[in-house]
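Secondary and tertiary structure notes
Below, each chain spelled out in residue letters.
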Amino acid sequence: MSRIGKNPVIIPAGVEVNLKDGHVLEFKGPKGTIEEAIHPDMKITIENGEILVERPSENKKHKSLHGMTRTKIFNHVEGVLNGYSKQLEITGTGYRAEKAGKSLNLNLGFSHPVTLEDPEGIEVEVPNNTTIIVRGADKQAVGAHAAKIRSYREPEPYKGKGIRYTDEHIIRKVGKTGS
């Protein structure tokens, strides 16, 4: 039995979970609404303020789906209750970010500024011109948007210039030396 999958997901106060069409879960909370289609082989039961995930067999595919399904459900419950956030830091001379309405403008040393629109359900905040905070209810969407922002100028190992996560450590390399 999956050690993660067998644990029930407790539904906290302020979060509403509905099972639609047998395999679509809808999560409603103070931070938003998320719908997730669950694999048809997994059996979902909601009772006594808990969500239980059961698998039909000991098949390898079902074992791997069991823990993943429970973790996705837990992440969605946590997301609509508290939300998720990723913080990015810009390092480099002249590199900066600014927010204009629903778009994020990045000056990263290219001949043109990079403009990104905020996806649905994701909120991007720029407290100062070298810090970007990505917030939302869906953990996967927050991480994907933060990774997209980071991909425009990943940190390089010689000077450390680029966009990095605040908790990320860049392993620096020594540059060339004269002979």
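Please refer to the structure higher up on the page.
To start, this report covers the structure provided alongside it.

Cut-offs and rules
- Residues numbered from 1 in each chain as written.
- Predicted model: local features only at pLDDT ≥ 70, side-chain atom pairs only at ≥ 80, totals over all residues.
- Heavy atoms only, no water.
- Helix = DSSP H or I, 4+ residues; strand = E, 2+ residues; numbered from the N terminus.
- Buried < 20%, exposed > 50% of the residue type's maximum accessible area, 1.4 Å probe, protein only.
- Contact = heavy atoms within 4.5 Å.
- Pairing = 2+ DSSP bridges.
- Axes fitted to C-alpha atoms, helices over the stretch in contact; angles between N-to-C directions.
- Expected span 1.5 Å × (residues − 1).
- Arc of directions from axis to C-beta.

**Some points on the overall build of the protein**
- Looking only at helices and strands, the protein has two helices and 13 strands in total.
- Principal axes of the C-alpha set define a box for the protein whose edges measure 65 × 45 × 25 Å.
- When burial is assessed residue by residue, the protein has 36% of its 179 residues classed as buried.
- In the protein, the proportion of contacts linking residues at least 24 apart, taken out of those at least 6 apart, comes to 50%.

**Describing the sheet that holds strand β2 (residues 16–20)**
- In spatial order, the strands read β2-β3-β4; together these three strands make up an open sheet with antiparallel pairing. Looking at the sheet topology across the chains shown, the edges are occupied by β2 and β4 (32–37). Sheet twist, expressed as the average angle between the axes of neighbouring strands with direction ignored, equals 15 degrees.
- In terms of strand pairing, β2 meets strand β3 (residues 24–29) through five bridges, oriented antiparallel. When the bridges of β3 are listed, K20 appears paired with V24.
- In this fold helix α1 (residues 60–81) packs onto β2, β3 and β4, with an angle of close to 25 degrees to the strand it touches most, β3.

**Details of helix α2 (residues 139–151)**
- Over its 13 residues, α2 runs 18 Å from end to end, which matches the ideal 18 Å to within 8%, given 1.5 Å per residue.
- Inspection of α2 places V142, G143, H145, A146, I149 and R150 among the buried residues, and these make up the whole buried set. Projected down its long axis, α2 carries its buried residues within an arc of 165 degrees, all on one side.
- Packing partners of the buried residues in α2 comprise β7 (84–91), β9 (103–107), β10 (114–117), β11 (122–128), β12 (131–136) and β13 (162–165).

**Observations regarding unusual backbone geometry**
- One non-glycine residue, N48, lies in positive phi territory at about 55 degrees.
- Structurally, N48 can be placed in the loop between β5 (43–47) and β6 (50–54).

**Things to note about the environment of G29**
- Structurally, G29 is set in strand β3.
- Measuring from C-alpha to C-alpha, the distance between G29 and V15 comes to 4.6 Å, with 14 residues separating the pair along the chain.
- Excluding residues within four positions of it along the chain, G29 makes contact with G14 and V80.

**A short note on the sheet that holds strand β8 (residues 96–100)**
- Spatial ordering of the open sheet is given by β8-β9-β10, a layout of three strands whose pairing is antiparallel. Sheet topology places β8 and β10 at the edges, where each strand pairs with a single neighbour. Averaged over all adjacent pairs, the angle separating strand axes in this sheet is 20 degrees, with direction ignored.
- The sheet contact formed by β9 and β10 spans four bridges and is antiparallel. Within β10, the position partnered with L106 by the bridge is V114.

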